[in-house]
Amino acid sequence: MDREIKSNAITVANVPNTDRISRLNELFFVEFKCSPSFFVKVPGRVNIIGEHIDYCGYPVLPMAIEQDILIAARVINESKIYLRNVDTKYTKYDINITNNSEDIEIKPDTNGKPFWYNYVLCGIKGALEYLNKDNINGVQFLFHGNIPPASGLSSSSALVSASCLAFIYAQNEIPNKTEIASLCAKSERYVGTQGGGMDQAIAFLAEKYNAQYITFKPLNAAPVALPEDAVFVVAHSLAEMNKAATNDYNRRVIECRLAAKIIAILEGISCDNNIITLSEVQIKLAKSLEEMVNLVKKHIPNEIYTKQDICKILNVNQEKMENLYLTANTKSLQEFKLKQRALHVYEEAKRVEDFRNACGQSENGFANTLNGNISQNGKNTNNTLNVLGKLMSESHESLKTLYECSHENLDRIVDISKELGVHCRLTGAGWGGCTVALCPKDKVQEYTDTIIEKFYVNYCRIDKTKAKQYVFVTIPSHGAMIYKY
Ligand code: ADP
Ligand code: NG1
Ligand code: MG
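Residues numbered from 1 in each chain as written. Chains lettered and ligands numbered in written order. Predicted model: local features only at pLDDT ≥ 70, side-chain atom pairs only at ≥ 80, totals over all residues. Heavy atoms only, no water.

1. Side note on the UniProt feature "domain: GHMP kinase N-terminal" (unreviewed entry) in the protein
Reasoning step 1: Mapped onto this structure's residue numbering, the UniProt feature "domain: GHMP kinase N-terminal" (unreviewed entry) falls at residues 124–205.
Reasoning step 2: From the first C-alpha to the last, residues 124–205 spans 20 Å; its make-up is 54% helix and 10% strand. (UniProt positions renumbered as here; feature names shortened; annotations may be inferred. Helix = DSSP H or I, 4+ residues; strand = E, 2+ residues; numbered from the N terminus.)

Structure, rendered in structure tokens:
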């Protein structure tokens, strides 16, 4: 079979004739007294496996979901940006715009929580860095999102990425997929979180009907053939967690950095004062992931490390340690869990490899994808499903115990799934948000009915009809698109 050559060009299509677009057109007119000239759509994602390892440099395995952020946009003859949201809980925001990215300030509210438009400003700041132009067009943007926010399905990166793409397109330019994915990964950090780039990568590199094996440095996405019988079911835990509003996320990032630095130093790797990731240490030592697990146990055996302990090992004073390795919102931390975090990362990285191998890296394993069935030819899918499922269950256990980023509601859904023989894990950063279950096709109805009954109705005490919106089947969707007239 001839394989399609993968294009690095963002898809530009004609504006589709859908109810959602018509509604957005009407609302745009009410707001701005004119019609939008183009639309940009960027999907959310569900990460199947490989959690909290992208910022350590390890590959991850997400797929885009159907839910997205859609922007109706118009270029204006004025140096201003007008931001509006269909959901009125997201307040209006207007600013003047120059061609200098440094003029864009991104500050949270007085409680440290980002405003919704901070994510938009991240995208626009990144766009200005990319454009490097004298004259910049102003824009009017109207947003409509249907990705559950703060729920591990990457609403934030869809918002940053859509804003960045729409702003660049408004200046008559179109970046390629990999350059804008890297640009948006960097730009989202202006909101305060030190993310690894998975979300922006899948937002642009996703393909319909395939999950992707994403590698970093250099950024690449390779399609993964999932067993024909596999259905991914997402369930919302009803707990939200905004990752930029607390230091939980960045704490994990810096704990991994410190663990990497200590292993590097104790193994005699010279890396000066530079930040080194857990994957870079592995590469420099030319060890397997299993060997890295042993090195973690050897070099960072304690349950807790104080700031003083770490300064001593790294041979730096506290001020230098804070400036070199910590972020603004983690400088005040006094104790760190290094062994637990590094063990999770190396073991999770191994699970991603095992998952991908179990799926088969077959060059022509995508024969039935055209009709929407995720398929893998000639394999014993039942057995494969079991292997994949077990890896997902192990991933959840590790995120719960070693990484401490689960939530009692997430654990509850995982436990109910287990009783049904379905493997399930939290997806995204955690502390709330969603689970993803690997469900055999013939069990999907029973599975969703049981989650609705036992979790939403019995445990959370919510109405059955209302509960149905919180659990859904998802198939791999398309990456970012531009719609023009
Ligand atoms: P996620 O796991 O969904 O990426 P984050 O905590 O990273 O969660 O980001 C969630 C934040 O993104 C929300 O608190 C909100 O500020 C912003 N956001 C998400 N969806 C929308 C939307 N449709 N419109 C405006 N802002 C949104
Ligand atoms: P969510 O939970 O969707 O915001 C975050 C990070 C990812 C990755 C996952 C955990 C950002 C933009 N996203 O995703 O890079 O680290 O957590 O695997 O920081
Ligand atoms: Mg996010």
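2. So, the site of ligand 1
Reasoning step 1: Of all residues adjacent to ligand 1, which total 18 residues, the nearest are Asn85, Gly152, Ser155, Asn242 and Lys243.
Reasoning step 2: Taking Ala150, its main chain carries an N or O atom lying 3.1 Å from an oxygen atom of ligand 1.
Reasoning step 3: Taking Lys243, its side chain carries an N or O atom lying 2.8 Å from an oxygen atom of ligand 1.
Reasoning step 4: Protein contacts shield 93% of the accessible area of ligand 1, which totals 570 Å² for the unbound molecule. (Near = heavy atom within 4 Å. Polar contact = N/O pair within 3.5 Å; in protein donor to acceptor, adjacent residues only side chain to side chain. Areas by Shrake-Rupley, 256 points an atom, 1.4 Å probe, with all protein chains shown as cover.)

3. Points about the environment of Ala9
Reasoning step 1: In this structure, Ala9 sits in the segment before strand 1 (11–14).
Reasoning step 2: Between the C-alpha atoms of Ala9 and Cys34, which are 25 residues apart in sequence, the distance is 30 Å.

4. Comments concerning the pattern of salt bridges
Reasoning step 1: Summed over all chains, the structure comprises 23 salt bridges.
Reasoning step 2: We note a salt bridge from Arg84 to Glu31, for which the minimum N-O separation is 2.8 Å. Taken together, the residues span a long stretch of sequence, with Arg84 in strand 4 (residues 80–85) and Glu31 in helix 1 (residues 19–32) at a distance of 53 residues.
Reasoning step 3: By relative accessible area, which is 9% here, Arg84 ends up buried.
Reasoning step 4: In this structure Glu31 comes out as partly exposed when scored by relative accessible area, which is 28%.
Reasoning step 5: Across the salt bridge formed by Arg84 and Asp94, the nearest N and O atoms sit 2.8 Å from each other. Of this pair, Arg84 sits in strand 4 while Asp94 sits in strand 5 (residues 93–96); the two residues are ten residues apart in sequence, bridging distant segments of the chain.
Reasoning step 6: Overall, the relative accessible area of 33% leaves Asp94 in the partly exposed class.
Reasoning step 7: Overlapping salt bridges, with partners in common, bring together Arg251, Glu255, Lys337, Arg341 and Glu404 in one network. (Salt bridge = Lys/Arg side-chain N within 4 Å of Asp/Glu carboxyl O. Buried < 20%, exposed > 50% of the residue type's maximum accessible area, 1.4 Å probe, protein only.)

5. Concerning the site of ligand 2
Reasoning step 1: Taken together, 19 residues lie near ligand 2, and Glu51, His52, Asp54, Asp199 and Tyr249 sit nearest.
Reasoning step 2: In this structure, an oxygen atom belonging to ligand 2 sits 2.6 Å away from a side-chain N or O atom of Glu51.
Reasoning step 3: Separating an oxygen atom of ligand 2 from a backbone N or O atom of Ala429 is a distance of 2.9 Å.
Reasoning step 4: Alone, ligand 2 offers 440 Å² of accessible surface; in the complex the protein occludes 97% of this.

6. Focus on the packing of helix 7 (residues 278–285) against helix 8 (residues 289–299)
Reasoning step 1: Running from N to C, helix 7 and helix 8 point in directions that differ by 110°, and their axes come no closer than 11 Å. Here helix 8 runs roughly perpendicular to helix 7, going by the angle between their axes. The segment helix 7 lies against helix 8, with Val281, Gln282 and Leu285 engaging Leu289, Met292 and Leu295.
Reasoning step 2: Considered class by class, the residues forming the contact of helix 7 with helix 8 number five nonpolar, one polar and no charged. (Axes fitted to C-alpha atoms, helices over the stretch in contact; angles between N-to-C directions. Parallel < 35°, antiparallel > 145°, perpendicular 65-115°, else oblique. Contact = heavy atoms within 4.5 Å. Nonpolar A, V, L, I, M, F, W, Y, C, P; charged D, E, K, R; others polar.)

7. Some words on helix 8
Reasoning step 1: If you check which residues of helix 8 are buried, you get Leu289, Met292, Val293, Leu295, Val296 and His299. Angular distribution of buried residues about the axis of helix 8 spans 160°; they occupy a single face of the element.
Reasoning step 2: Those residues of helix 8 hidden inside the fold are in contact with helix 6 (248–266), helix 7, strand 10 (305–306) and helix 11 (338–359). (Arc of directions from axis to C-beta.)

8. Points about the nonpolar core
In summary, soluble globular proteins display a tendency toward joint burial of nonpolar side chains.
Reasoning step 1: Judged by nonpolar contacts, the single largest core of 137 residues is most densely connected at Phe141, Phe167, Leu258, Leu278, Val281, Tyr346 and Phe355.
Reasoning step 2: The element contributing the most residues to this core is helix 3 (residues 155–170), with eleven residues.
Reasoning step 3: Setting aside residues up to four positions removed in sequence, Val281 forms contacts with Ala260, Ile263, Ala264, Ile269, Ile276, Met292 and Tyr346.
Reasoning step 4: With 20 residues, the next largest nonpolar core counts Val414, Cys424, Cys439 and Ile462 among its residues. (Core = buried A, V, L, I, M, F, W, Y, C linked by side-chain atoms within 4.5 Å.)

9. Some details on the UniProt feature "domain: Galactokinase N-terminal" (unreviewed entry) in the protein
Reasoning step 1: UniProt tags residues 28–74 as "domain: Galactokinase N-terminal" (unreviewed entry).
Reasoning step 2: Secondary structure content for residues 28–74 is 11% helix and 55% strand, while the C-alpha to C-alpha distance between its ends is 10 Å.

10. Looking at the packing of helix 2 (residues 116–131) against helix 3
Reasoning step 1: Interhelical geometry of helix 2 versus helix 3 gives an angle of 40° and a closest axis separation of 7 Å. Compared by their axis directions, helix 2 and helix 3 come out oblique. Between helix 2 and helix 3 lies a crossing of right-handed hand. On helix 3, the residues touching Trp116, Tyr119, Val120, Cys122, Gly123, Ile124, Ala127, Leu128, Tyr130 and Leu131 of helix 2 are Ser156, Leu159, Val160, Ser163, Cys164, Phe167 and Ile168.
Reasoning step 2: Partitioning the contact of helix 2 with helix 3 into residue classes produces 14 nonpolar, three polar and no charged. (Left-handed = near helix turned anticlockwise from the far one by under 90°.)

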